[in-house]
Amino acid sequence: MSLEWVPLAAFRRFLKETLKLNNVAQKFFPMKNAVIQLQATYPNPHDWLAIKPEQRLSFRVGGSHELWYIIFWVWDTGYCNGDDQEALTRRTDIIRFLSTRGRVNLANFPVKLGLLSNSEEDFIRSKDSCSKKGLLNKLAIHMISVMKPLKQFTEDEVALADLMRPNDQRYNVKNLKDLIFELGHSEIPGKRRHKTYFDECCLHPVWGNVSEEYRQHLMRSEALDYYIRKAGAALLKFYSWLDKRREHDASLLDYEDYLDLFDYFSRNDEGNKYSNKYIGNSLSFIKAFMLWGIGLNSFFPKQLDWPNDVYSGIHREAQRETYAGDGLAFDDPEFPSLMKGAIENYIPEDDLEALCRAFWLIIASSPVRKTYLLNLQVDDCVLPLPNAPAAIGLYSPHAGIEKAKHRNGQFPILDSSGLMALNFLKKRAMENELRPMWNERAEASYVHLFQLKEFPWLLNEKQIYKFFDKIAEFIGHKDKKGKAHGYRHYLITHISIETGSSALARLAAGHENEAMLSRYLRSNLSRKALLFATMKKYQDGEIAGRFIWRIFEALTDNQSEPDELIKALGSEEITLDEFFTNYGLPAPTGVGKCLIQGACLFEAKCFSCHHYAIRKSEVDQAFQTLARLTKGMWNMMRGSRDFTTQNSKAAGLMTQIALLGDMIRHFGYSEDQIQEEIVHRISNVYIR
């Protein structure tokens, strides 16, 4: 690339052929004289570039100046071309130069230079006419400096928006990302980042660098955003304590010092005591930070002299307080139903209220977590529940959007109003032709169920709770405050009451264990001890198979008593071996038992039949059958010229393999163990 000044004759052609100016001669000569002064002062571009952008001289003749020539020189020489760091440095230089030139009108240049289409220009001008932000001219300065179409901008080039207009509320990185998203060149809209406590920790004059290292460690460890926010608040208070003591690091802190720290965390500035839960949680963040830092650098002690005896007592009190409280549950048992009716009957004033109304109707119809729902995709958001096609639940293929990393249809929909709300949202997304948007939690792009047509692009907590408070005030309950999690408590409790099974409530809630569920239920609400015992055998991994849905049906049917077969299974007086001997028939699959009472109506489709069960003791037979089915599928694929999974026989075989594999996994076998067993057995399998 040559860095010589381009001849003036070429500049004149640029004015005529590229910019398509009228009266070129009249406009060229004043500019020519300004360019001559530029070249006399800076004989070559290297001389000009050696001066800081903001200190470069401006050359004017009458009302004309050299600026258009500089833009032509950048465009003609390809000065800003390239994708390396040097090219970015050059773009930065040009954008800083153009940004120091005061009011210049370059709005027409991007289209003339082929950097912006006419339709894109029209769209941006329409935004200007609405907001009067002068967006197109600011964007023109940016695009000329980068010399790329918007759809080719990299993250680093987008970031130059803040360099061009520092602290400008009208043109910045967020606004530029919004514009690129609206034009369809990106799936990542702008995001306003609010300053967090952890940001303040990272700015601390002593602990700043260590704080940033710890934050990066937490992010690499996939710590939840909630945890990182809370950790930042605790660390900032810890640093305040260190500063008051004039401690330059924590290397010399001993047992007595930490006791003083405990006291500091126990009261606010007015001397009022914090809750035990707050104290315990805050100290746990500090302890985790100190344990991470030991041996890392000189800021930390070589050995942590933490008062574990006192800390254990604080932790016990915190747990006791947590278990004794109602958490986020509603304080009035009648209020959730009252609010649901009011929201259902409310006529939204605008699109935002329509979204908020739909959100609360779904929340009141499914024990789903708020974050999961707000990040849910439009396509296939509702599917049959796993192993229960008669019921439907909220579905996501993305584990990252849910606190417990659940996937698939984990949260059942229990009310028709929730389904109506979901149908409204899906129809709205289609009618508004919403485009896919990147989701950081899911690490995927898709059209979101609660996607907005403008910033902030997704429905957020502030908006949904503002709507909730409005409805509460409308029905005369201004004093009532409700969280989305309150409906989760409400629904989970009612599932347990209605079914008599905390196991079903746990499954509906997506809890990993009974301990977490007990925080919701607070008491044993089960009324069917016999069925509970039956469920326990399934949970303990003693039996598997679709027969479990016979138990579920009995649990949810309050009109009839469990049949003799389920009573026998739940009885403590009969062993599993005796139960299957008395009630089970050999299944046509060669593994497991058929527990049907009467003629079989399912043509031996055992693995998907509600009357089928298998014991853990039969797992060896199950592996043999799985190996046989797998080899059969392999032979079918190898022996077919046009194999397709749409073939009914192939599809049926694949379904059997998947269902039997799920049953084996229920007994505690990992995917790798199953694969090893299949490989080991498959060579000895006889294909019938």
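Here the residue index of a chain counts from 1 through its sequence in written order. Given that the model is predicted, a residue must reach a pLDDT of at least 70 before its local features are reported, and side-chain atom pairs must reach 80 or more before they are shown or counted; all residues, however, enter totals for whole chains, interfaces and linings. Hydrogens and water are ignored here; the side-chain numbers use all heavy atoms of the structure.

Trainee: Give me the lowdown on the overall build of the chain, citing residues and values where you can.
Mentor: The secondary structure listing takes helices from DSSP runs of H or I that are at least 4 residues long and strands from runs of E that are at least 2 residues long, numbered from the N terminus. Of the regular secondary structure elements, the chain holds 32 helices and 11 strands. Relative accessibility thresholds used throughout: buried, under 20% of the residue-type maximum; exposed, over 50%; partly exposed, between the two (1.4 Å probe, protein chains only). Counting all 688 residues of the chain, 46% fall into the buried class. Contacts are assigned to residue pairs that have any heavy atoms within 4.5 Å of one another. In the chain, once contacts between residues fewer than 6 apart in sequence are set aside, the share between residues at least 24 apart is 63%. With the model as given, the accessible surface of the chain reaches about 36,100 Å², and the carbon-plus-sulfur share is 50%. In this description, accessible areas are obtained by the Shrake-Rupley approach with a 1.4 Å probe, and a residue is regarded as covered only by the protein chains that are shown.

Trainee: If you had to explain unusual backbone geometry to someone new, which residues and values would you point to?
Mentor: Look at the link from F455 to P456: it is a cis peptide, with omega at 15 degrees. Here P456 lies in the loop between strand 7 (444-446) and helix 22 (461-474). For N23, which is not glycine, the phi dihedral falls at a positive 55 degrees. Positionally, N23 belongs in the loop between helix 1 (8-18) and helix 2 (24-41). For M147, which is not glycine, the phi torsion reads 55 degrees and is therefore positive. Structurally, M147 can be placed in the loop between helix 8 (135-146) and helix 9 (155-158).

Trainee: Quick one: what's the story with the pattern of salt bridges, residue by residue and with numbers?
Mentor: Salt bridge, as applied in this entry: a Lys or Arg side-chain nitrogen positioned within 4 Å of an Asp or Glu carboxyl oxygen. Tallying each qualifying case throughout the model produces 26 salt bridges. Across the pair E212 and R215 runs a salt bridge whose closest N-O atoms are separated by 3.0 Å. Note that E212 and R215 are positioned in helix 13 (residues 208-220) at a spacing of 3 residues, about one turn of the helix. Judged by its relative accessible area of 28%, E212 falls in the partly exposed class. For R215, a relative accessible area of 12% corresponds to the buried category. Linking R681 and E677 is a salt bridge whose minimum nitrogen-to-oxygen distance equals 2.9 Å. With R681 and E677 both in helix 32 (residues 671-682), this residue pair falls 4 residues apart, about one helical turn. Under the relative-accessibility criterion, E677 is labelled partly exposed at 25%. One connected set of salt bridges, linked through shared partners, spans D83, R91, K148 and E157.

Trainee: Describe in detail helix 14 (residues 225-244), supporting the description with residues and values.
Mentor: Taking 1.5 Å of rise per residue, the 20 residues of helix 14 would be expected to cover 28 Å, and the 29 Å separating its terminal C-alpha atoms lies within 8% of that figure. Taken together, the buried residues of helix 14 touch helix 12 (197-202), helix 13, helix 15 (255-266) and helix 16 (276-293). One fewer than the residue count of a helix, multiplied by 1.5 Å, yields its expected span.

Trainee: With reference to specific residues and values, describe the packing of aromatic side chains.
Mentor: Note on aromatic contacts: the rings of Phe and Tyr and the six-membered ring of Trp form a pair at centre separations within 6.5 Å, being stacked when their planes are under 30 degrees apart, edge-to-face when over 60 apart, and tilted otherwise. Following the criterion strictly, the structure yields 44 aromatic pairs and no others. Between Y227 and F285, the ring centres sit 4.9 Å apart and the planes meet at 75 degrees, which makes this aromatic pair edge-to-face. Of this pair, Y227 sits in helix 14 while F285 sits in helix 16, and the two are 58 residues apart along the sequence. Arranged with centres 6.5 Å apart and planes meeting at 45 degrees, the rings of F262 and Y311 form a pair that is tilted. Pair noted here: F262 is in helix 15 and Y311 is in helix 17 (residues 308-324), with a separation of 49 residues, a long-range link. Judged on exposure class, the residue F262 and its partner Y311 are both buried. Among the aromatic residues, ring-to-ring pairing joins W5, F11, F14, F28, F29, W48, Y69, F72, W73, W75, Y79 and F97 into one connected group.

Trainee: Outline the side chain of K237, supporting the account with residue identities and numerical values.
Mentor: With respect to the element layout, K237 can be found in helix 14. Relative accessible area serves as the criterion here: at 15%, K237 is assigned to the buried category. When neighbours within four sequence positions are excluded, K237 is seen to be in contact with Y264, F265, R267, Y274 and Y278.

Trainee: So what's going on with the environment of A358? Residues and values would help.
Mentor: Mapped onto the secondary structure, A358 falls in helix 19 (residues 351-363). Residue A358 is classed as buried on the basis of its relative accessible area, which comes to 2%. C-alpha separation for the pair A358 and L419, spaced 61 residues apart in sequence, amounts to 9.7 Å. When neighbours within four sequence positions are excluded, A358 is seen to be in contact with A421, F424, L425 and F450.

Trainee: Describe the confidence of the model for the chain, and please don't skip the residues or the numbers.
Mentor: A score from 0 to 100, pLDDT tells how confident the predictor is in each residue. The predicted model of the chain has a mean per-residue pLDDT of 78, with 75% of residues at 70 or higher. Confidence drops under pLDDT 50 across residues 324-330; counting only partners more than four residues distant or on other chains, this segment forms 17 contacts.

Trainee: Describe in detail the packing of helix 1 against helix 4 (residues 67-77), supporting the description with residues and values.
Mentor: Contact geometry for helix 1 and helix 4: axes closest at 11 Å, N-to-C directions at 95 degrees. The orientation of helix 1 relative to helix 4 falls into the category roughly perpendicular. Two secondary-structure elements touch here, helix 1 through L8, A10, F11, F14, L15 and T18 and helix 4 through W68, Y69, F72 and W75. All amino acids are sorted into three groups, where Ala, Val, Leu, Ile, Met, Phe, Trp, Tyr, Cys and Pro are nonpolar, Asp, Glu, Lys and Arg are charged, and the leftover types, Gly among them, are polar. Looking at the contact of helix 1 with helix 4 residue by residue, the class counts come to 9 nonpolar, 1 polar and no charged. Whenever a helix is involved, its axis is fitted only over the stretch in contact; in every case the axis is a line through C-alpha atoms, and angles between N-to-C directions fall within 0 to 180 degrees. By the definition adopted for this analysis, an angle is roughly parallel if under 35 degrees, roughly antiparallel if over 145, roughly perpendicular if from 65 to 115, and oblique otherwise.

Trainee: With reference to specific residues and values, describe the environment of Y372.
Mentor: Locating Y372 in the fold gives a position in helix 20 (residues 370-374). Given the relative accessible area of 1%, Y372 is considered buried. As for Y372 and S396, which are separated by 24 residues in sequence, their C-alpha atoms are 8.7 Å apart. Only 3.3 Å separates the side chain of Y372 from the backbone oxygen of L394, close enough to count as a polar contact. Any pair of nitrogen or oxygen atoms within 3.5 Å is treated as a polar contact; in protein, a donor-acceptor pairing is required on top of that, and neighbouring residues in sequence qualify only through side-chain atoms on both sides.

Trainee: If you had to explain the environment of A627 to someone new, which residues and values would you point to?
Mentor: Within the fold, A627 resides in helix 30 (residues 619-639). Between the C-alpha atom of A627 and that of V679, which follows or precedes it by 52 residues, the distance is 7.8 Å.

Trainee: Explain the nonpolar core to me, using residue names and the numbers behind them.
Mentor: Only buried residues count toward a nonpolar core, which is a set of Ala, Val, Leu, Ile, Met, Phe, Trp, Tyr and Cys residues joined through side-chain atoms within 4.5 Å. One finds F11, L15 and W48 to be the most contacted residues of the largest nonpolar core, which totals 64 residues. Of all the secondary structure elements, the ones that give two or more residues to this core are helix 1, helix 2, helix 3 (45-49), helix 4, helix 5 (85-99), helix 8, helix 10 (160-164) and helix 11 (173-182). Setting aside residues no more than four positions away along its own chain, F11 makes contact with F28, M31, W68, Y69 and F72. Of all hydrophobic cores here, the second largest spans 41 residues; its members include V368, L373, L422 and Y446.

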